[in-house]
Amino acid sequence: MNLLQLFKASLHSPKKIAAFRLIPIGKVMQYIFIYILVITSISFVQFINGISIQQANMEGLLEYFQEIQWLLYPFSFIFLFVLNTLLIFVRISIFAYVGVIILSLLKRKGEYRHLWRSTLFASTIPMLISVVVAFFNISTGYIQFFIYFVTFVYLFLACKHYPIKR
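The present account deals with the structure reproduced in this document.

Calculation notes
Residues numbered from 1 in each chain as written. Predicted model: local features only at pLDDT ≥ 70, side-chain atom pairs only at ≥ 80, totals over all residues. Heavy atoms only, no water. Helix = DSSP H or I, 4+ residues; strand = E, 2+ residues; numbered from the N terminus. Buried < 20%, exposed > 50% of the residue type's maximum accessible area, 1.4 Å probe, protein only. Contact = heavy atoms within 4.5 Å. Lys, Arg positive; Asp, Glu negative; His and termini not counted. Charge placed at Lys NZ, Arg CZ, Asp CG, Glu CD. Core = buried A, V, L, I, M, F, W, Y, C linked by side-chain atoms within 4.5 Å. Salt bridge = Lys/Arg side-chain N within 4 Å of Asp/Glu carboxyl O.

A look at the overall build of the protein chain
Right, so step 1: Looking only at helices and strands, the protein chain features 7 helices and 0 strands.
Right, so step 2: Order of helices (α) and strands (β) in the protein chain, N terminus to C terminus: α-α-α-α-α-α-α.
Right, so step 3: If you line up the protein chain on its principal axes, its C-alpha atoms span 70 × 35 × 25 Å.
Right, so step 4: Residues classed as buried in the protein chain amount to 37% of the 166 residues present.
Right, so step 5: The long-range fraction of contacts in the protein chain, counting pairs at least 24 apart against all pairs at least 6 apart in sequence, stands at 82%.
Right, so step 6: Counting 14 positive and 4 negative side-chain charges, the protein chain places the averaged centre of each group 43 Å from the other.

Notes on the nonpolar core
Right, so step 1: In terms of nonpolar packing, the biggest core is built from 32 residues, with Ile32, Ile88, Leu115 and Phe121 touching the most fellow members.
Right, so step 2: Of all the secondary structure elements, the ones that give two or more residues to this core are helix H1 (3–12), helix H2 (14–19), helix H3 (25–57), helix H4 (59–106), helix H5 (112–122), helix H6 (124–135) and helix H7 (141–159).
Right, so step 3: The dominant element in this core, judged by the number of residues it contributes, is H3, at 7 residues.
Right, so step 4: Not counting chain neighbours up to four residues away, the residues in contact with phenylalanine 121 comprise Leu6, Ser10, Ile17, Phe20, Ile23, Val28 and Tyr31.

Details of the environment of leucine 86
Right, so step 1: One can find leucine 86 in helix H4.
Right, so step 2: Separated by 50 residues in sequence, leucine 86 and isoleucine 36 place their C-alpha atoms 9.8 Å apart.

Remarks on the pattern of salt bridges
Right, so step 1: Taken as a whole, this structure holds 1 salt bridge when the rule is applied.
Right, so step 2: The residue glutamate 111 makes a salt bridge to arginine 113 at a minimum N-O spacing of 2.6 Å.
Right, so step 3: We classify arginine 113 as partly exposed; its relative accessible area is 47%.

This is the structure:
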């Protein structure tokens, strides 16, 4: 399957999300790093817009930013990419541990590595919600809670399609 097919299937099919646990790790890493690149690009655009607003408010800072602009933007993009990578990997890992608990409660077979992959694909819609929220610059704790809840629901529905323990 190509990445676009994985994306489309992870939007609407918990059964396929459960089946994606068997996808090779290379394809999973391609998917997650494109996911991170999209989030980082949006964060970077917001960073640039924030600097533009701050520059308008502080005149002395304007000259300083013009001098170091060539250095500031590449390092800030790299910093944002590394930070987003860390946060997304931690979030997926925590939800994968929750998935292990869900599997044991449902008496289903699965390993942490399988649940990690399923969690990645289960977080596709929450990622889209995050992108929309970031694009419109909406910031409340309830939205983040809603995003976590949607991830949990998708993961739970995917876990119901794992094989039963015998």
